[in-house]
Amino acid sequence: MTMPDHPSLSTEFEVVTVPCLDDNYAYLVKGPDGVALIDAPEAAPIIAALEARNWELGVVMITHHHHDHVGGLRALRARYGCPVMGPKAEADKIAAQGETLDMELEPGFEGGTGVGRCQVLAVPGHTLGHIAYYYPEGGALFTADSLMALGCGRLFEGSPAMMWQSLSSLAALPDDTLVYSGHEYTQSNARFACSIDPDNSALQQRAAEIADLRKNNLPTVPATLGLEKATNPFLRAGDTELKKTLGLEGVDDADVFAHIRAAKDRF
Ligand code: ZN
Ligand code: FE
């Protein structure tokens, strides 16, 4: 795998992966404007990661309303007093858990400067208001439970067509973008991916690399978007070869995606 030619390699932009709960990831993003946290599954490991670096938390950015992404908000707010941003469309559901958004974000919103410039992207499907955070200059994409390493989030609220649209819009970003997803589900995702796309040699190789990482209890995130496009069956629903393997030649991409998602639900 070649390293991306992005300013993310400089000290101006740094991402710290913080394992939380059983299999969640939160991310600290340090840029020219300060330190942002993407999702707040629980406070303690996030506080420890900040303390270890002597970083002050500047802002929290939430991707969607599920408790395993917002459960640490209260303790973080009490300690750092920092504002919390999140999807306007899910503000009510976040409020129902006793939290408030200081800033309600809508897709298309953009904030930050230089490598810290961040865009809010709509990625509905897992939930209806799910958003992703994209740093074009930083070359980083925080997808939580939309696009995941070798997978995608379960469709709790949206339709397959909606998720396919979300994934397709992410797939249009540059191939060297690093994708940071919200859970360590990659090894079980790899088993499913290999079962439906057995002739994909890039996938076989990635599955072996994932097994090695997990043997050493290391995160499988991030991965480049280019690697996801080559190996993630949910991004490959439009691929002629995969359609042939699945006996779905000539079927619409979105319907192939729906078939793959349903197969994963039963796997
Ligand atoms: Zn979720
Ligand atoms: Fe989640």
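Whatever comes next refers back to the structure up there.
Now for a description of the structure that goes with this document. Note that the structure is a prediction, hence the values are computed from the model and not measured.

Along the chain, the regular secondary structure elements total 10 helices and 14 strands. Computed over the C-alpha atoms, the radius of gyration of the chain is 18 Å, within 12% of the 18 Å expected from 2.2 N^0.38 for a compact globule of 267 residues. For the chain, the spread of C-alpha atoms along the principal axes amounts to about 55 × 40 × 35 Å. By residue count, 52% of the 267 residues in the chain fall in the buried class. Taking the contacts inside the chain whose residues are at least 6 apart along the sequence as the reference set, 60% of them involve residues at least 24 apart. Total accessible area computed for the chain in this model is approximately 11,400 Å², and 51% of it derives from carbon and sulfur atoms. A gap of 4 Å separates the mean positions of the 20 positive and 36 negative side-chain charges of the chain.

The next subject is the sheet that holds strand β14 (residues 223-224). Spatially, β7-β8-β9-β10-β13-β14 is the arrangement adopted by the 6 strands of the open sheet, whose pairing is mixed. Two strands close off the open sheet at either side, each with one partner strand: β7 (110-111) and β14. With 4 bridges connecting them, strand β10 (residues 140-144) and strand β13 (residues 178-181) associate as parallel partners. Note on β13: the bridge partner recorded for Ala-144 is Ser-181.

Here we have 6 strands laid out as an open sheet, ordered β1-β2-β3-β4-β5-β6, and mixed in their pairing. Of all the strands in the sheet, the pair left with one neighbour each is β1 (14-20) and β6 (103-105). The mean angle between the axes of side-by-side strands here comes to 25°, regardless of whether they run parallel or antiparallel. As defined by bridge partners, strand β4 (residues 57-61) adjoins strand β5 (residues 84-87) across 2 bridges and the pair is classed as parallel. Bridging across to β5, Met-61 finds its partner in Met-85. On the sheet, helix α3 (residues 73-80) packs against β3 (34-38), β4 and β5 and is oriented at approximately 155° with respect to β4.

A few words on the coordination of the iron ion (ligand 2). For the iron ion (ligand 2), the full set of protein donor atoms is Asp-68 (OD), His-69 (NE2), Asp-145 (OD) and His-183 (NE2), at a range of 2.1 to 2.4 Å. One can describe the donor arrangement at the iron ion (ligand 2) as irregular, given that its 4 donor atoms subtend angles of 82 to 173° at the metal. Of note, the donors binding the iron ion (ligand 2) are all from one chain and are spaced D-H-x75-D-x37-H. The metal-metal distance between the iron ion (ligand 2) and the zinc ion (ligand 1) is 3.0 Å, with Asp-145 coordinating both. Placement of the pair is Asp-68 in helix α2 (residues 67-70) and Asp-145 in the loop between β10 and β11 (147-148), with a sequence separation of 77 residues.

On to the coordination of the zinc ion (ligand 1). Protein coordination at the zinc ion (ligand 1): the donors are His-64 (NE2), His-66 (ND1), His-126 (NE2) and Asp-145 (OD), at 2.2 to 2.3 Å from the metal. In this structure, the zinc ion (ligand 1) is coordinated by 4 donor atoms arranged in irregular fashion, with angles at the metal of 84 to 173°. Each donor residue of the zinc ion (ligand 1) lies on one chain, and together they are spaced H-x1-H-x59-H-x18-D. Since its relative accessible area comes to 18%, His-66 is described here as buried. The class of Asp-145 is buried, set by a relative accessible area of 4%.

All right, on to the pattern of salt bridges then. Overall, the coordinates contain 17 salt bridges when judged by the stated rule. For Arg-206, the salt bridge is made with Glu-228, and the minimal N-O distance between the two is 2.6 Å. One end of the pair, Arg-206, is in helix α7 (residues 201-215); the other, Glu-228, is in helix α8 (residues 225-231), with 22 residues separating them in the sequence. Overall, Arg-206 belongs to the buried group, its relative accessible area being 4%. Here the salt bridges do not stand alone but share partners, grouping Arg-77, Glu-99 and Asp-102 into one network.

Our focus in this paragraph is α3. Among all positions in α3, only Leu-73, Leu-76 and Tyr-80 are buried. Projected down its long axis, α3 carries its buried residues within an arc of 70°, all on one side. In α3, those exposed residues whose orientation departs by more than 90 degrees from the buried face are Arg-74 and Ala-78. Of the surrounding elements, those touching the buried residues of α3 are β3, α1 (43-53), β4, α2 and β5. Two residues or fewer after α3 comes Gly-81, characterised by a positive phi angle close to 60°.

Scoring rules and cut-offs
Residues numbered from 1 in each chain as written. Chains lettered and ligands numbered in written order. Predicted model: local features only at pLDDT ≥ 70, side-chain atom pairs only at ≥ 80, totals over all residues. Heavy atoms only, no water. Helix = DSSP H or I, 4+ residues; strand = E, 2+ residues; numbered from the N terminus. Rg over C-alpha atoms; globule rule 2.2 N^0.38 Å. Buried < 20%, exposed > 50% of the residue type's maximum accessible area, 1.4 Å probe, protein only. Contact = heavy atoms within 4.5 Å. Areas by Shrake-Rupley, 256 points an atom, 1.4 Å probe, with all protein chains shown as cover. Lys, Arg positive; Asp, Glu negative; His and termini not counted. Charge placed at Lys NZ, Arg CZ, Asp CG, Glu CD. Pairing = 2+ DSSP bridges. Axes fitted to C-alpha atoms, helices over the stretch in contact; angles between N-to-C directions. Donors = N, O, S within 2.8 Å, 3.2 Å for Na, K, Ca; no water. Tetrahedral: all angles 85-135°; square planar, octahedral: opposite > 155°, others 65-115°. Salt bridge = Lys/Arg side-chain N within 4 Å of Asp/Glu carboxyl O. Arc of directions from axis to C-beta.

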